[in-house]
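Read off the chains here:
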Amino acid sequence: MAARNVATYCLVELMGADGVPRGVAASHREPERDGAVLASLSLPWVDGTLHPARECFLSGETRFLPEVGPELRERMCQGPEHRALLEALNPHSLLAVAVRMRGRTLGVITLGTAAPCRRLVTADVAMAEELARRVAVALENASLYRDAQAAVRLRDEFLSVASHELKTPLTSLKLQHGLIDRAALGDVGDKVRPRLATAVRQVQRLSALVDSLLDVSRMSLGRLKLEPSDVDLGQAVRDAVDRMEEVFSLAGCPVRVEVPGPLPGKWDSLRLDQVLVNLLTNAAKYGAGRPVLVEAAFEGEEMVRVSVRDEGIGIAAEDLPRLFGRFERAVSDRHYGGLGLGLYISRQIVDAMGGRIEVESRPGLGSIFTVRLPRSTAQCAPW
Ligand code: ADP
């Protein structure tokens with residue numbers, strides 16, 4: 001645009017990671033001459049010659065040559081090849097402005113005009129400096145975005161490796177617990193067993209956390225498959241609540257299940273159970289020892305609905321939209337442990353099943369999480 005509307009040609013050079021400036025874009029009002037403009041970029045800078053762009057790079061200051069006469073052109077000449085280029089480009093005014101961000105020169109934009117185009121004037125300097133400022137902001141944003149993406153990639157790789165590494169010793173620890181349990185007899189057994197039960201519970205908790213990390217890394221790599229089979233959702237809900245009886249009683253939350261009758265459908269039963277357990281765990285954890293109601297029912301012919309309602313701490317409206325994201329939490333780590341992955345994983349599973357998960361909540365009054373699912377899901381979801 002600068003070459004077309006303001007000057008005759010425009011060069012953009014950016015500082016490389018090695019500290020050497022490189023031409024990244026060049027344009028001439030007559031497009032077939034872009035090549036000559038680019039060629040002028042690749043010429044080495046000869047000491048002692050006048051070079052507005054290089055001076056601008058070094059000082060960070062604008063270099064403006066409103067009138068390039070034969071004498072200045074001679075001082076700019078870097079050698080025979082450059083002389084030929086200068087003659088071809090025939091500049092009669094030149095302007096180099098620095099692209100700067102936080103005190104660093106990231107690059108230089110050079111505008112040149114040749115007859116019959118008008119010479120550049122002071123107003124063009126202000127315009128070019130503003131253009132350079134905007135280019136600097138855009139470059140900075142792009143580089144921050146790239147850094148952020150690289151950091152996320154690194155985190156995902158770490159997650160994947162760490163969760164796999166943690167899984168192996170945990171599996172062996174579980175086996176050892178089984179062996180100890182069988183070997184501990186008589187008096188020794190009576191003393192060992194309660195401690196063993198605690199150890200088993202802690203390993204189960206650790207395994208659940210590692211499984212969540214593994215799921216997240218699988219999901220971000222798109223490697224999770226669904227295996228649908230015939231499932232009665234009502235039974236699945238009752239089973240999950242039964243298995244979590246101890247969790248609810250420790251939390252002091254009475255649970256009520258309301259299921260009208262069988263709710264048959266085709267779902268991946270393990271993944272469905274994972275969603276239910278995540279929602280039930282949260283209801284117990286954030287339920288403030290108040291009653292929890294779990295309901296499941298048909299919604300029309302083709303859909304089912306499960307909801308988990310608690311009367312606990314609730315969630316502030318501004319936190320609701322982000323809670324289904326990875327590692328997102330709306331409570332302080334000091335008061336409530338957790339990785340902030342349960343809702344993320346649940347949403348990924350429900351999405352893959354073609355359903356929806358929603359939450360309504362009021363701080364201090366409680367929350368209701370509702371999952372709606374079609375009664376059958378595809379064999380292999382596009383994770
Ligand atoms: P975690 O419970 O490990 O933090 P989740 O992904 O399951 O991770 O939940 C994310 C956040 O959503 C929680 O940290 C909490 O702030 C909020 N949350 C989830 N369920 C409830 C609930 N039933 N009541 C209040 N807040 C909840």
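Within each chain, residues carry numbers counting from 1 in the order of the written sequence. Local features in this predicted model are restricted to residues whose pLDDT is 70 or higher, and side-chain atom pairs enter the listing and the counts only when it is 80 or higher, whereas totals over whole chains, interfaces and linings include all residues. Calculation of side-chain values draws on the structure's entire complement of heavy atoms; hydrogens and water are dropped beforehand.

1. Here's the deal with the confidence of the model for the protein chain
The predictor reports its confidence for every residue as pLDDT, a score running from 0 up to 100. Summarising the model, the protein chain shows a mean pLDDT of 91, and 98% of its residues fall at 70 or more. By the convention used here, residues are in contact when the closest approach between their heavy atoms is within 4.5 Å. Confidence drops under pLDDT 50 across residues 379–383; counting only partners more than four residues distant or on other chains, this segment forms 16 contacts.

2. Examining the site of the ligand
Lining the immediate environment of the ligand, one finds 20 residues, of which Asn282, Tyr286, Asp310, Arg329 and Leu343 sit closest. Side-chain polar atom of Arg329 to an oxygen atom of the ligand: 2.5 Å apart, as the coordinates give it. Within 3.5 Å is the distance limit for a polar contact, defined as a pair of N or O atoms, with the added protein rule that one can donate a hydrogen and the other accept it, and that residues adjacent in sequence qualify only through two side-chain atoms. At 3.1 Å, a backbone N or O of Gly340 approaches an oxygen atom of the ligand. For accessible areas, the Shrake-Rupley method is used with a probe of radius 1.4 Å. Any residue's cover is judged against the shown protein chains and nothing else. Relative to its unbound accessible area of 530 Å², the ligand is 96% covered by the protein chains. Residues are sorted three ways: Asp, Glu, Lys and Arg are charged, Ala, Val, Leu, Ile, Met, Phe, Trp, Tyr, Cys and Pro are nonpolar, and all the rest, Gly among them, are polar. In terms of residue class, the shell around the ligand is built from ten nonpolar, six polar and four charged. Only heavy atoms are used to decide nearness, and a residue is near a molecule or strand if one of them lies within 4 Å of it.

3. Comments concerning the environment of Pro66
Only runs of H or I of at least four residues qualify as helices and only runs of E of at least two qualify as strands under DSSP, and these elements are numbered from the N terminus. Locating Pro66 in the fold gives a position in the loop between strand S3 (63–65) and helix H4 (70–76). Each residue is assigned to one of three classes by its accessible area relative to the maximum for its type, calculated with a 1.4 Å probe on protein chains only: buried under 20%, partly exposed between the two thresholds, exposed over 50%. With a relative accessible area of 35%, Pro66 lands in the partly exposed category. As for Pro66 and Leu94, which are separated by 28 residues in sequence, their C-alpha atoms are 6.3 Å apart.

4. Section: the packing of helix H8 (residues 233–243) against helix H10 (residues 269–285)
Between two packed helices, the angle of one axis relative to the other and the distance separating the axes together describe the packing. An axis is simply a line fitted to the C-alpha atoms; with a helix, the fit covers only the stretch in contact. Between two such axes, the angle follows the N-to-C directions and lies from 0 to 180 degrees. H10 packs onto H8 with a crossing angle of 50° between their chain directions and a minimal axis gap of 10 Å. In terms of orientation, H8 lies oblique with respect to H10. For the element pair H8 and H10, the recorded crossing hand is right-handed. Taken together, the residues of H10 that come into contact with H8 (itself represented by Leu233, Ala236, Val237, Ala240, Val241 and Arg243) are Leu272, Asp273, Leu276, Val277 and Leu280. Residues of the contact of H8 with H10, tallied by class, amount to nine nonpolar, no polar and two charged. Should an angle fall under 35 degrees it is taken as roughly parallel, and over 145 as roughly antiparallel, whereas 65 to 115 is taken as roughly perpendicular and any remaining angle as oblique. By the definition used in this description, the sense in which the near helix is turned from the far one sets the handedness, with an anticlockwise turn below a right angle giving left-handed and a clockwise turn giving right-handed.

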